[in-house]
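# Notes for the structure review
In case you want the letters, here they are:
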Amino acid sequence: MTAVITVENVTLSYGTDPAVEGLTLHISRGDFLGIIGPNGSGKSTLLRAMGRALRPVRGRVILEGTDLEDIPRREIAKKIGVVPQENPMTFDFTVEDVVLMGRTPHLRGQETPEDMRKVRDAMAMCGLKELASRPVTQLSGGEKQRVVIARALAQEPEVLLLDEPTSHLDIGHQSEIMSLLARLNRDRAVTVVAVLHDLNLAATYAGKLILMKEGRILAAGRPEEVITKDKIERAYGSEVIVGRHPVTGRPTVTLISPDRPRAREGFQVHLVAGGGMAGALLESLVAAGFEVSVGVLNVGDSDWERARSYGLEVIDIPPFTSVTQADLERNVGLMRLAEVVILPDVPFGWGNLRNLEAVLTVAQEGKPVWALEERPVARRDFTGGEAVKLFRKLERAGIRIFEDQEQLLQALLSL
Amino acid sequence: MHLEVRRRRWRLTLGLMAALLLGISVAATGLGTVPVPVGEVLRAIGDAVVSGVNRQDTNSVIVVMLRLPRIALGSLVGASLALAGATLQGLFRNPMADPYIVGISSGASLGATIAMALALRFSLLGLGAVPVFAFVGALGSLAVVYNIAREGPRLPVVPLLLSGVAVGAFLQAIVSFIMLMSDEKLRSIFLWLMGGLAGSTWTDVRAVLPYFLLGSGVLLWQANNLNVILLGDEQALYLGVEVDQVKRWALAAASLITAAAVSVSGLIGFVGLVVPHMVRLIVGPDHRVLLPASALGGAIILVLADTVARTALAPTEIPVGIITAITGGPFFIYLLRRYRRARSI
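Keep in mind the model is a prediction, meaning the values are calculated, not measured.

This paragraph deals with the overall build of chain A. When its secondary structure is counted, chain A shows 15 helices and 18 strands. A globule of 415 residues ought to have a C-alpha radius of gyration of about 22 Å, yet chain A, at 27 Å, is considerably larger. Principal-axis analysis of the C-alpha atoms places the extent of chain A at approximately 90 × 45 × 40 Å. Out of the 415 residues belonging to chain A, those deemed buried represent 54%. Within chain A, counting contacts between residues at least 6 apart in sequence, those at least 24 apart form 67% of the total. Total accessible area on chain A stands at roughly 17900 Å², and carbon and sulfur atoms take up 48% of it.

Spelled out as structure tokens, the structure:
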């Protein structure tokens with residue numbers, strides 16, 4: 001992979017304080033790079049320097065081995081297309097006119113039929129064919145954004161720089177634009193560099209991310225390396241839960257509302273998860289600020305993945321193996337440390353029946369055990385009655401049963 | 001409508017406007033205190049082209065020596081003002097911009113006022129002291145405004161507009177002061193400030209023509225870049241346009257043709273502001289057609305207005321600037337309301 005753009009120790013400033021300081025970055029051909037970070041972290045400034053709308057105070061931006069300063073603007077525009085954040089469209093040009101302006105760096109005098117073919121091609125890629133002769137002043141926000149992207153595509157750039165291409169758009173248009181970029185990146189080998197506001201979009205579409213804060217790179221790498229609870233909280237200064245997207249496997253970020261009731265400091269609970277059925281409860285507990293331990297789980301179970309992605313204490317065993325007596329004892333050990341043991345309505349088979357035995361052990365010792373029964377235990381018993389039998393013993397030991405997850409959570413928070 | 005189709009319509013529109021200008025010019029040449037029939041007008045022009053002006057022939061003298069230079073100068077001045085207005089409106093992305101917005105009018109006023117107040121008498125290339133001083137004043141004030149506004153190589157729009165207003169107000173105050181101090185010249189200064197084409201000669205036409213040709217050539221050459229700049233300065237940079245260079249060229253060209261026009265005709269208002277808006281309604285915002293169409297439109301409007309100016313109260317002349325302001329003001333308000341309605345749809 002050769003570097004198409006290299007940002008070399010670049011400092012950028014709008015006059016007084018530097019907006020970007022001593023930043024170095026290599027962008028390889030074919031990358032889909034997302035730039036994330038809080039407002040004022042220098043993302044847009046960095047992008048403007050890569051498009052040579054801003055000259056570095058120190059350092060260089062290098063395009064294919066040549067300092068951007070030494071390349072005529074026209075030649076840069078043949079290789080780098082930029083979609084800025086604000087695109088005033090106050091004059092009654094048609095969509096076709098504006099997209100044709102993307103051919104400006106290639107034009108010598110009047111446009112040729114070849115230019116017009118490329119304009120039509122760009123409009124088709126962005127779904128603008130029907131709108132070709134509409135005045136741009138009459139378009140919706142999403143349509144305008146597609147016009148600007150089509151204009152950049154008409155430049156036939158090798159690199160596409162975009163500054164928050166999905167801001168002001170609804171989620172339908174957001175995914176439409178992002179899929180378009182992904183397609184260009186994949187099918188036409190266009191290198192895409194996008195400043196993205198939405199961390200989940202960034203994690204979903206970008207192959208690499210850089211996380212910026214105060215004009216520097218805080219983290220760089222694959223989405224799962226960059227979007228971690230610790231790094232996101234350090235950059236944005238607000239508390240989040242980082243999970244894993246159920247379909248794409250990419251990290252997801254959920255903001256924890258500071259207004260929600262919070263668990264008491266150091267309130268430890270133990271969750272008997274399993275079978276991928278306790279994810280939502282796990283997430284709510286973490287979000288509320290409980291210190292959660294989990295077990296026993298098979299490695300690879302989605303509950304396991306989620307617990308791991310939050311960095312929780314987990315007792316785990318290899319995939320498709322059963323809980324042994326030793327695991328049971330370790331689990332009981334963790335449960336004894338917790339103030340409450342929570343038994344969600346997960347399925348039970350021979351493999352994890354010992355988790356119920358562990359719960360029974362601590363319940364009989366007098367440990368508070370709260371069970372969730374949105375789904376009755378009989379329906380999740382795959383042991384031919386053993387699990388139900390154990391559950392009845394638990395009931396006799398005096399566990400609390402909740403039929404609704406939210407109720408359980410509220411009760412827990414009011415302790 | 002696709003570009004190919006529109007280009008054909010552009011050519012047709014420009015052709016029609018040129019024909020209209022020609023027709024109006026011939027008709028206007030016949031009008032005046034001494035009416036000359038159209039046939040006579042054409043004959044006199046033909047004779048003059050073939051064998052020069054026959055000074056014994058009254059019609060020939062009236063047509064070729066008195067009315068034609070005035071109509072030619074009116075066309076040139078109207079074309080210059082509208083062309084400059086269209087350029088600056090696009091360059092500043094501001095519909096209120098006119099050729100005088102960067103302080104050219106007040107600089108020219110000051111130059112002309114000084115020449116008249118001091119009753120300077122000299123001649124440069126056949127031009128009197130007033131036009132020469134007006135021209136120098138216009139370019140001088142432009143230079144001041146430009147240097148206040150620019151930030152290194154960058155030429156930001158808002159400071160340019162603001163310094164234009166500030167310098168203009170300053171120079172205007174000096175003009176007013178000089179006018180107060182020189183009561184016997186007050187009338188001639190006032191008339192100049194109103195703008196007028198009375199007493200135009202072929203010398204004036206020859207003086208303005210090179211600036212017009214040079215300036216409009218530069219502007220047409222930059223028409224495509226001006227289109228791109230309408231999208232925004234930063235957007236234009238990303239499309240490979242050297243925005244500051246284009247701005248300097250366009251500003252210089254528009255100012256030069258304005259200064260030349262003002263120096264021979266005084267301050268004729270509203271043509272440079274209103275005509276580009278009228279033309280934009282017909283041909284759209286594309287500078288490749290907007291600029292030539294504005295030039296033709298400006299010429300047509302000013303020839304018409306000047307014909308009214310010299311015939312309405314004949315033999316008394318009304319300064320043509322009064323005609324353009326009286327008709328242009330209400331028309332501009334009409335455009336404003338129209339725009340507002342269009343936007344609220």
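Before going further, it helps to examine the pattern of salt bridges. Residue and element names in this part refer to chain A. The final tally for this structure, using the stated rule, is 42 salt bridges over all chains. The closest approach of N and O atoms between Lys78 and Glu75, which form a salt bridge, is 3.3 Å. Highlighted residues: Lys78 and Glu75, both in helix 2 (residues 73–79), separated by three residues, approximately one helical turn. Glu75 gets classed as partly exposed once you look at its relative accessible area, which sits at 33%.

A few words now on a nonpolar patch on the surface. Side chains of Phe122, Leu124 and Leu125 of chain B sit close together on the surface and give an oily, nonpolar patch of about 330 Å² of accessible area. What makes Phe122 of chain B partly exposed here is its relative accessible area of 36%.

In this section: the confidence of the model for chain B. All names here are of chain B. The pLDDT averaged across chain B works out to 87; a share of 97% of its residues lies at or above 70. Per-element averaging of pLDDT across chain B places helix 14 (residues 320–344) at the bottom with 78 and helix 13 (residues 287–311) at the top with 95. In the predicted complex, the global pTM is 0.78; the interface-specific ipTM is 0.82.

So, on to the interface of chain B and chain A. Chain B puts 26 residues into the contact, and the matching count from chain A is 32 residues. Considering only the surface of chain B that becomes buried against chain A, Leu231, Tyr238 and Leu239 of chain B emerge as the three largest contributors, covering 28% of it. Glu111 of chain A is the partner of Arg7 of chain B in a salt bridge, and the nearest nitrogen-oxygen pair spans 2.8 Å. Along the contact surface separating chain B from chain A lie seven residue pairs in polar contact (both at pLDDT 80 or more). Of all the elements in the fold, those that place two or more residues in the side of chain B that touches chain A are helix 1 (3–30), helix 9 (223–229) and helix 10 (233–238) of chain B. Class assignment for the residues of the side of chain B that touches chain A results in 10 nonpolar, seven polar and nine charged.

Right, let's get into the sheet that holds strand 2 (residues 18–28) of chain A. Residue and element names in this part refer to chain A. The antiparallel open sheet is built from four strands, whose spatial order is 2-1-4-5. On the outer flanks of this sheet lie strand 2 and strand 5 (66–67), each paired with one strand and no other. As paired strands, strand 4 (residues 58–63) and strand 5 are joined by two bridges and run antiparallel to one another. By the bridge assignment for strand 5, Leu63 is matched with Thr66.

The rules behind each value
- Residues numbered from 1 in each chain as written.
- Chains lettered and ligands numbered in written order.
- Predicted model: local features only at pLDDT ≥ 70, side-chain atom pairs only at ≥ 80, totals over all residues.
- Heavy atoms only, no water.
- Helix = DSSP H or I, 4+ residues; strand = E, 2+ residues; numbered from the N terminus.
- Rg over C-alpha atoms; globule rule 2.2 N^0.38 Å.
- Buried < 20%, exposed > 50% of the residue type's maximum accessible area, 1.4 Å probe, protein only.
- Contact = heavy atoms within 4.5 Å.
- Areas by Shrake-Rupley, 256 points an atom, 1.4 Å probe, with all protein chains shown as cover.
- Salt bridge = Lys/Arg side-chain N within 4 Å of Asp/Glu carboxyl O.
- Patch = residues over 30% accessible without salt bridge, like charges linked within 9 Å, V, L, I, M, F, W, Y side chains within 5 Å.
- pLDDT = per-residue confidence, 0-100.
- Buried area = accessible area lost by both parts, 1.4 Å probe.
- Polar contact = N/O pair within 3.5 Å; in protein donor to acceptor, adjacent residues only side chain to side chain.
- Nonpolar A, V, L, I, M, F, W, Y, C, P; charged D, E, K, R; others polar.
- Pairing = 2+ DSSP bridges.

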